[in-house]
Every structure is written in structure tokens, then in C-alpha cells.
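# Survey of secondary and tertiary structure
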Amino acid sequence: MNLKIPATFEQRPYAAKHFAAIVSHVRDYHPFYRRWLADAGEVPIMDRQTFMAHNDEILNGHEVTCTTSGSSGHKVRVHQSAERVSLHQKDGAMFARWLGGYLPVTILVNPSSSGEGQSNFDIRMPLDEQLQLIQRRYRELGAVALTTYPGNAEILARTILEQGWDMSHIQRLGLYGESYEEHQAVYIRQAFPAAKIWTTYSSMEFGYISLMCPHQPSFQHLMAHRLGVEILDENDQPCPDGVRGRVVITDYFNRRCPFIRYDIGDFAVRGDCPCGKIALPALSQVQGRVMGSLIHRSGEYLNAFRVLMAIRDLPGVRRYQVVQEALESFVIKIECEDGVDADALNLKARALLALQDFLAYAPDEMRVDFVEEIPCGENGKYQYSICQVKK
Ligand SMILES: [Zn+2]
């Protein structure tokens, strides 16, 4: 059968060749994809829900090596071979070279998704402890780099500015895992005045998807040697440069747990990086998830990460959002999965308990709104938490 190469790859011989190779391989050797692609000249796009519905078949007996922290209560389970992981690590080493080499680092991330590492620390520790840790590791180990999520960097930055910490020793600040927003940059640049900031776009399914261009930081170069990345409109046609579309990715090298035209649920804009130094195609914008901060009644900033993860993990929750309307007033919005009986699952009480547990007190007003759909913000990004309190 003739395979139709997606339009994005038609004029790109490397992409066309590798796309055809992985599709032909899984058609021959992978039981699920043999069925999924049986009649299709054109390879269908697979969204996350469909992938999860067939996750066991797609894993095809291989062990789970990582899981996503997706926006639904469910997680995508992934297998990556050691060879596939080493390709991702090579890209990490390439990125370190782009930035000027490795520096001693303190990494503050979600422990369940980051793996083991001597420089890795649990993002859920209180802000004061995080700041003390950063200082101590600088004094004892010369750690002049810091890596964390943008939402955490923002509340660290706000606390640093309020309490007058000196973070001028931080030379490099890495932000990944979420979108990095302009309103966050305002605080982060002031709090870490000497830091060069880097960002990447990555996921558990694929590792690095794109890396910030070291010459033109507003562009991200795609890992096109490993991944076929399409940016598609609502008719599944390629978006021209400058137009926002869905991110659909094919992994050329994961033959055991294949991802073929997988709609990852993010949006991005393609653009030609003007650096002229890196031959990889580029994105001019990535629109992923936005995690923010909430404010404790004491006035302290709280990283919303922990309460968001607790609500995400409740059964039947598809999407969720925590809005702090005033210092003592919280709304938890929940979009349930189809056919879910929220009363039977006692979702309301469990969500409120998760919030109280996170705050360690019961705010004066808190409620749960079950909604049909939680819309994206004006900029097309999905905000998991919104704080409307002005300090
Ligand atoms: Zn560039």
C-alpha cells in the first residue's frame, strides 16, 4: 500500500524517509499499529485519549519506564529503550554545549517525574527551605545554576524580592516543563539579575522536543533529527509560519512503544529562526500549560503545584483549575470525564479537602464548580491556577 507522507514532511527528505521507515516498521511488527494502520494510506492523528485507551496494546509487553503528568486524571504510560533514552541525553549534551558547558546546578522539580540525581530536590519543599538550599549549595559546591519550573521560579523570585535575598551568584536559570510567561519574567529577571535564562519544550513521551536557540532566545529549535513535528490547523493541514496550531509528533526511534502522529495537546507557532547557525527548523512560540501561585493567608506565596497534582489525581477529573478570587476565597473548577457521577465519587468534598490539606487551614470561602468546559486564557494557554489577589 502506498503511504501518504504528511504534507509537512513532503519537501523534507530526511523527515519523509524516517517517517516512512517507522510507519513501515510498526505496520510489519507491532500488533496494535498493524490494525490501526491497516487500511490507511494516510496515517491518522492519534490524540491522547485514544492513546490511553490502547495504552497496554501500544506498550506491547514492554515495561513502563515513565509516565506523563497530563491534564487528565489518567497518565500516559511510556516505554523507552536505553538506546532511545541515550538519543535524548545526547540532545541534552548538545544543549549544554550551546549554553557554554555544564555548570554545577541545583534542580528543584517534581520528584516523581525527574528520576534520581544528586542535584535533584523536591519542589514541594517550602520556599524558605528552597532558598536556603540554593544558597547552601552555592557556598559548599559552587552551584551557580538553578533549574526549575517557571511557576516555581516566579514565586521564588517574588519571595526573594520581598525578603531581600541576594541571588546574584546564579549565572544560569533553566525553566522547563511549563510555559514561561512575560508576567513571570518581570520578577524573575529582577530576582536573578545575573542569570542567563534558558527554556526548553519537552515531554515525558518524547524528551526534548525543542531547545531554546542560544543566539535568538525567542526561538526554539526542533529536535528534527529524532522527531517529526507537525503544526496543524483544525483541518489537519500544516499551519504556515506565524500561525498557531496543534503540535502533532512522530518519534522516529521509539519502535517498542511507538508514537505516530500523536497529538500531544499543546499549541505552537512555527517560525524561521534568523540565527543562521543552527540548521534545525524552529518554533517561534510554544503554548503549553501555565501553573501559577496562590497566596497563603499569612501573605506567603505558595506554589500551586501540590494542590493541582492532588486534584488532578482525583478519579473522573478531566481538567481542573483553582482560582483564588480573594485572599480568603477559592473556587475549584472541575471538568469531569464523560459519564462520571461526581456525587457518587464524592468529588466535591475530596477536592475541598485537598485544598484545605494544601493550605493547612480552611479559607473563609471555598467552593467547587462543576463546569462543561474550562476555557483557555486569552493567549490560548491553559492556566491551572489563577490568583486574583493583589498584594
Ligand atoms: Zn537559531
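Here the residue numbers are simple positions, counted from 1 along each chain's written sequence. The predicted nature of this model means local features are confined to residues of pLDDT at least 70 and side-chain atom pairs, given and counted, to a pLDDT of 80 or more, with totals for whole chains, interfaces and linings taken over all residues. With hydrogens and water set aside, each side-chain value is computed from the structure's full complement of heavy atoms.

## Notes on the packing of helix α8 (residues 127-141) against helix α9 (residues 150-163)
Interaxial distance between α8 and α9 falls to 10 Å at its minimum, and their mutual angle equals 85°. Of the possible angle classes, the one that applies to α8 and α9 is roughly perpendicular. Together, L127, D128, Q130, L131 and I134 of α8 and N152, I155, L156, T159, I160 and Q163 of α9 make up the contact between the two elements. Charged means Asp, Glu, Lys or Arg here, nonpolar means Ala, Val, Leu, Ile, Met, Phe, Trp, Tyr, Cys or Pro, and polar covers whatever is left, Gly included. Of the residues that constitute the contact of α8 with α9, the class distribution is 6 nonpolar, 4 polar and 1 charged. Helix axes are fitted to C-alpha atoms over the stretch in contact, other axes to C-alpha atoms as well, and angles between N-to-C directions run from 0 to 180 degrees. In this description a helix means any DSSP run of H or I spanning at least four residues, a strand means any run of E spanning at least two, and both kinds are numbered starting from the N terminus. Should an angle fall under 35 degrees it is called roughly parallel, over 145 degrees roughly antiparallel, and 65 to 115 degrees roughly perpendicular, with every other angle called oblique. Contact definition: two residues touch when any of their heavy atoms are within 4.5 Å.

## Here we look at the confidence of the model for the protein
Atomic detail in the predicted coordinates should be set aside for any region of low pLDDT. Averaged over all residues, the pLDDT of the protein is 90; the fraction at 70 or higher stands at 95%. Across the protein, strand β11 (residues 227-232) holds the top mean pLDDT of 98, while helix α7 (residues 111-114) sits lowest at 62. In predicted models, pLDDT denotes the confidence assigned by the predictor to each residue on a 0 to 100 scale.

## Points about the pairing of strand β14 (residues 282-287)
Sheet analysis places strand β10 (residues 220-222) next to β14, joined by 2 bridges and oriented antiparallel. What sits directly across from Q220, in β14, is L283. For two strands to be treated as a pair, DSSP must find no fewer than two bridges joining them. Pairing analysis gives 4 bridges linking strand β13 (residues 262-270) to β14, with the strands arranged antiparallel. Counted as the bridge partner of V269 is Q285 from β14.

## Details of the domain arrangement of the protein
Domains assigned within the protein are domain 1 (7-79 + 204-289), domain 2 (86-202) and domain 3 (291-387). As annotated, the domain borders come from an automatic or database domain assignment. The centre of domain 1, based on its C-alpha atoms, is set 30 Å off from the matching centre of domain 3.

## Description of the pairing of strand β12 (residues 244-251)
Here's how the labels work: a residue is buried when its accessible area is under 20% of the maximum for its type, exposed when over 50%, partly exposed in between, all with a 1.4 Å probe on protein chains only. In terms of residue burial, β12 counts as a mostly covered element, since 7 of its 8 residues are buried. Sheet analysis places β12 next to β13, joined by 5 bridges and oriented antiparallel. Across the sheet, V248 pairs through a bridge with D263, a residue of β13.

## Notes on the coordination of the zinc ion
Protein ligation of the zinc ion involves C213 (SG), H221 (NE2), C273 (SG) and C275 (SG), the donor distances falling in the range 2.1 to 2.3 Å. Because the angles between the 4 donor atoms bound to the zinc ion fall within 105 to 114°, the donor set is best described as tetrahedral. The donor definition counts N, O and S atoms within 2.8 Å of each metal and applies 3.2 Å to Na, K and Ca; water is not among these atoms, so some sites may look incomplete. Positions of the donor residues of the zinc ion along the chain correspond to the pattern C-x7-H-x51-C-x1-C. With a gap of 52 residues between them, H221 in strand β10 and C273 in the loop between β13 and β14 connect regions that are remote in the sequence. Of the two residues, H221 and C273, both sit in the buried class. Square planar and octahedral sites, with four and six donors, are those where opposite donors lie more than 155 degrees apart and all other angles lie between 65 and 115, tetrahedral sites have four donors with every angle between 85 and 135 degrees, and the rest are irregular.

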